[in-house]
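# Breakdown of the fold
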Amino acid sequence: MNGFEAQMAELVDKADSMNIYLYTGLKILFIIVFWRIVNILLNKFIDKFFRLSPRLHMNEKKSNTLSGLMKSIVRYTIYIIMAISILNVLNIPTESILAAAGLGGLAIGFGAQNLVKDVISGFFILFEDQYAVGDYVTIGSATGDVEDIGLRITKIRSFNGDLHIIPNGEVKTVINHSRGNSLAIIDISVAYEADINKAIKILKDVGEKYYEKNKDKVVDLPSVLGITGFGDYDVKLRMTIRTLPLKHWSVEREIRKDIKEAFDREGMVIPYPKRVNINLNEKE
């Protein structure tokens, strides 16, 4: 009987242990699910709040940038709260961990220098308004649209679809192509035999007509600078047009087409390489 009672007691202890493990696991699962839901709800609230950007006197790029930053802060804060809550469930005293962290803070600080540098640089990027989400920038060797600015990293999507992830601490020099008007530069070649004055007049006429039809993206009348160089078989002319930010590429493509059509109508020949073959063995 004593042996039976001992076995029953052992089974009860095992059942209690299993219940404790199950209860602890469920509590940890509840903490994770709860804070994930909180994160989702806070992100939705942030999105709705920054949709009111016209009332807050912020442009869309600025509101998108601040929205991404707020989401990043919320995410890291939730991770910290979640970790502390799970440690408390596991009966691991967070006070001792914090004390140990304090004792090892110096060593950790050396290892976290880059992290701190990235975060501080991220704040300076935002406060100085160096660039915002949606801007077209060049940072180092990466050129593209800014997709996201976080506390630690900046994400840039290049023209071919590559995603560049740059730590904020490595952002040394920024070229922001979205701030201020752009300049479209169109170089045209004409033959040496062509009437240069006629070619310049055609360019001026094409530029004026293009300006009248495209004032939504062209700021000023185009300027024909004249001859900018001599090639092996051509005379080089240049036209410049001041456009709205990032509109210069489309303007260059469109006005080149208009110039080609105008040259064809006026009989202005666009030069191409010519080769003369001399047969020294040919008898006169």
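Here is a short report on the structure shown in this document. (Residues numbered from 1 in each chain as written. Predicted model: local features only at pLDDT ≥ 70, side-chain atom pairs only at ≥ 80, totals over all residues. Heavy atoms only, no water.)

## Overview of the overall build of the protein
In terms of helices and strands, the protein carries seven helices and eight strands. Counting across all 284 residues of the protein, residues that qualify as buried make up 32%. (Helix = DSSP H or I, 4+ residues; strand = E, 2+ residues; numbered from the N terminus. Buried < 20%, exposed > 50% of the residue type's maximum accessible area, 1.4 Å probe, protein only.)

## Some details on helix 7 (residues 248-266)
An ideal rise of 1.5 Å per residue puts 27 Å on 19 residues; helix 7 measures up with 26 Å between its terminal C-alpha atoms. Residues His248, Ser250, Val251, Glu252, Ile255, Ile259, Ala262 and Phe263 constitute the buried set of helix 7. The secondary structure elements touched by the buried residues of helix 7 are strand 6 (182-190), helix 6 (196-213) and strand 8 (235-243). (Expected span 1.5 Å × (residues − 1). Contact = heavy atoms within 4.5 Å.)

## So, the nonpolar core
Ile186, Val190, Leu203, Ile241 and Phe263 are the most contacted members of the largest nonpolar core, which totals 24 residues. Those elements giving two or more residues to this core turn out to be strand 6, helix 6, strand 8 and helix 7. The leading source of residues in this core is helix 6, at seven residues. Setting aside residues up to four positions removed in sequence, Ile186 forms contacts with Leu237, Arg238, Met239, Ile241, Glu252, Ile255, Arg256 and Ile259. Residues Ile125, Leu126, Val133 and Leu151 belong to the second largest nonpolar core, which totals 14 residues. (Core = buried A, V, L, I, M, F, W, Y, C linked by side-chain atoms within 4.5 Å.)

## Structural notes on the packing of helix 6 against helix 7
Between helix 6 and helix 7, the least distance of the axes is 10 Å, while the angle of their chain directions is 130°. Classified by the angle between their axes, helix 6 and helix 7 sit oblique to one another. Two packed elements cross with a definite hand, and for helix 6 against helix 7 that hand is right-handed. Touching Lys198, Ala199, Ile202, Leu203, Val206, Gly207 and Tyr210 of helix 6 are Val251, Glu254, Ile255, Asp258, Ile259, Ala262, Phe263 and Glu266, all from helix 7. Looking at the contact of helix 6 with helix 7 residue by residue, the classes come out as 10 nonpolar, one polar and four charged. (Axes fitted to C-alpha atoms, helices over the stretch in contact; angles between N-to-C directions. Parallel < 35°, antiparallel > 145°, perpendicular 65-115°, else oblique. Left-handed = near helix turned anticlockwise from the far one by under 90°. Nonpolar A, V, L, I, M, F, W, Y, C, P; charged D, E, K, R; others polar.)

## Describing the packing of aromatic side chains
Enumeration over the complete set of coordinates arrives at four aromatic pairs. Consider the rings of Phe30 and Phe34, whose centres lie 6.0 Å apart with planes at 20°: the pair is stacked. You can see Phe30 and its partner Phe34 sitting in helix 1 (residues 2-50), four residues apart, about one turn around the helix. Exposure remark for Phe30: the relative accessible area of 58% places this residue in the exposed category. On the basis of relative accessible area, Phe34 is assigned to the partly exposed category, the value being 38%. Measuring from ring centre to ring centre gives 6.3 Å for Tyr192 and Phe230, while their planes differ by 10°; the resulting arrangement is stacked. Of the two residues, Tyr192 is situated in the loop between strand 6 and helix 6 and Phe230 in strand 7 (residues 223-230); the sequence distance between them amounts to 38 residues. Residue classification places Phe230 among the exposed positions, given a relative accessible area of 61%. (Phe/Tyr/Trp six-rings, centres within 6.5 Å; stacked < 30°, edge-to-face > 60°.)

## Structural notes on the environment of Ile196
Following the sequence through the fold, Ile196 ends up in helix 6. What Ile196 contacts, discounting residues up to four positions off in sequence, is Val190, Ile227 and Val235.

## Re the environment of His164
Within the element layout of this structure, His164 appears in strand 4 (residues 163-167). Remark: the alpha-carbon pair of His164 and Ile139, spanning 25 residues in sequence, is separated by 9.8 Å. Here His164 is in contact with Ala142, Thr154, Lys155, Ile156 and Ser158, once residues within four sequence places are set aside.

In short, shape yes, function no, at least from these values alone.
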